[in-house]
Amino acid sequence: MPSIHIYPNARAVACAAAHHIVESQLPGQPFRLALSGGSTPRLLYQLLVQPPYVNAIDWPQIELFWGDERPVPPEHPDSNYRMAYEALIQHVPIPPAHIHRIQAELPPEQAADAYDQHLHKNFPNIPAFDVMLLGMGTDGHTASLFPHTAALHENSRWCVANHIPTLKTSRITLTYPAINAAKKILVLVTGAAKAPMLSRVLYGAYSPEELPIQAVKPNHGELLWLIDEAAASALPPNKKHRHHDGV
Ligand code: 6PG
């Protein structure tokens, strides 16, 4: 059964995610964190660079990766890297060599090949991220694994370029083999617009071709859904594990 945690609002969800990140970091050990794109994680990144979290994280040990990226250069407004740079990276002392950016200024296939090779250089066996952050689109996508797209069927590569007809573009995305190798996956879902889809994903029929996030099932790790009341508003009342604070 999924581990579902409901919080009063988006800020409390971000606090809970920040708490999980702090608690997951082992002293003096490299900590590999895979960032999500989109707008939801911005609040989390902004919290992480403020007390108490900023003082509780061993920043030089943090290694940042990305779960997906749009096909734009790093300075583009749509860039997931740019959002993370503005909200997180520029504020904390993460060594530049620990910022594992997807080179999305390259053609998507080339960018995906480069990142796939880069991941294999950094993870000898499996890409066991210590924490992977994911969001969920209102169409049930996560990372850039969109409904009815080719990347849903990629079972060996860790990163691919995925053509998304509905967006008329290709994006670079980690695949299920990479995502499901994570030690801990935090799915952050906030806002009323996500409520109908969240209820379908969690309690509707299993149909990952339609609802790709349903196939996010860590092989050995933990999967936690961190959700605010607005996004939880369509969930069956007896299925909720409610929190009334940030953790
Ligand atoms: C992206 C993300 C994507 C995102 C969802 C939710 O690059 O946009 O990886 O999967 O998590 O679309 O986006 P919001 O957080 O903006 O609702």
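All values reported here derive from a predicted model rather than from experimental measurement.

**Topic: the environment of Arg-82**
Relative to the assigned elements, Arg-82 resides in helix H4 (residues 80-87). Here Arg-82 falls in the partly exposed class, since its relative accessible area comes to 27%. Arg-82 sits 46 residues away from Ala-128 along the chain, and the two C-alpha atoms are 24 Å apart. In contact with Arg-82, not counting residues within four places along its chain, are Pro-74, Glu-75, His-76 and Pro-77. Of the polar contacts made by the side chain of Arg-82, one reaches the backbone oxygen of Glu-75; its length is 2.7 Å.

**Quick word on the sheet that holds strand S6 (residues 159-164)**
If you walk across this open sheet you meet the 3 strands as S4-S7-S6, and the pairing is antiparallel. Bordering the open sheet on either side are strand S4 (68-69) and S6, each of which pairs with just one other strand. Contacts between helix H5 (residues 108-122) and the sheet are confined to S6 and strand S7 (169-174), with S6 contributing the most and set at about 155° to the helix.

**What about the sheet that holds strand S5 (residues 131-134)?**
Pairing is parallel across the open sheet formed by 6 strands, whose spatial order is S1-S9-S8-S5-S2-S3. Only two strands of the sheet have a single neighbouring strand rather than two, namely strand S1 (3-7) and strand S3 (62-66). Taking the axes of each pair of neighbouring strands and ignoring which way they run, one obtains an average angle of 20° across the sheet. Relative to strand S8 (residues 184-189), S5 runs parallel, the two being bridged by 3 bridges. Residue Met-132 lies in a different strand from S8, and its bridge partner there is Ile-185. Across the face of the sheet, helix H1 (residues 10-24) comes into contact with S1, strand S2 (31-35), S5, S8 and strand S9 (222-228) while running at roughly 155° to S9. Here H5 sits on the sheet in contact with S2 and S3, set at roughly 150° to S3.

**A word on the nonpolar core**
For soluble globular proteins, the rule of thumb is that nonpolar side chains tend to be buried together. Among the nonpolar cores identified, the biggest contains 86 residues, and Leu-44, Leu-64, Trp-66, Leu-133, Trp-225 and Ile-227 are the most heavily contacted of them. Take this core: its biggest share by element is 9 residues, from H1. When near neighbours in sequence (up to four residues on either side) are disregarded, Leu-133 contacts Ile-21, Leu-33, Ala-34, Leu-35, Ser-36, Leu-44, Tyr-45, Leu-186 and Leu-188.

**So, the site of the ligand**
Taken together, 16 residues lie near the ligand, and Thr-40, Asp-68, Arg-70, Ala-143 and Lys-194 sit nearest. Between the ligand and His-141 there is a distance of 2.7 Å, counted from an oxygen atom to a side-chain nitrogen or oxygen. For the ligand, whose accessible area on its own is 410 Å², the fraction buried by protein is 87%. Residue classes in the shell around the ligand are distributed as 2 nonpolar, 10 polar and 4 charged.

**Things to note about the packing of H1 against helix H2 (residues 40-48)**
Describing two packed helices takes the angle between their axes plus the distance from one axis to the other. At their nearest, the axes of H1 and H2 sit 9 Å apart, and the two run at 55° to each other. Considering the angle they form, H1 stands oblique to H2. Considering the relative orientation of H1 and H2, their crossing is right-handed. Here Ala-10, Arg-11, Ala-14, Cys-15, Ala-17, Ala-18 and Ile-21 of H1 come into contact with H2, specifically with Leu-43, Leu-44, Leu-47 and Leu-48.

Cut-offs and rules
Residues numbered from 1 in each chain as written. Predicted model: local features only at pLDDT ≥ 70, side-chain atom pairs only at ≥ 80, totals over all residues. Heavy atoms only, no water. Helix = DSSP H or I, 4+ residues; strand = E, 2+ residues; numbered from the N terminus. Buried < 20%, exposed > 50% of the residue type's maximum accessible area, 1.4 Å probe, protein only. Contact = heavy atoms within 4.5 Å. Polar contact = N/O pair within 3.5 Å; in protein donor to acceptor, adjacent residues only side chain to side chain. Pairing = 2+ DSSP bridges. Axes fitted to C-alpha atoms, helices over the stretch in contact; angles between N-to-C directions. Core = buried A, V, L, I, M, F, W, Y, C linked by side-chain atoms within 4.5 Å. Near = heavy atom within 4 Å. Areas by Shrake-Rupley, 256 points an atom, 1.4 Å probe, with all protein chains shown as cover. Nonpolar A, V, L, I, M, F, W, Y, C, P; charged D, E, K, R; others polar. Parallel < 35°, antiparallel > 145°, perpendicular 65-115°, else oblique. Left-handed = near helix turned anticlockwise from the far one by under 90°.

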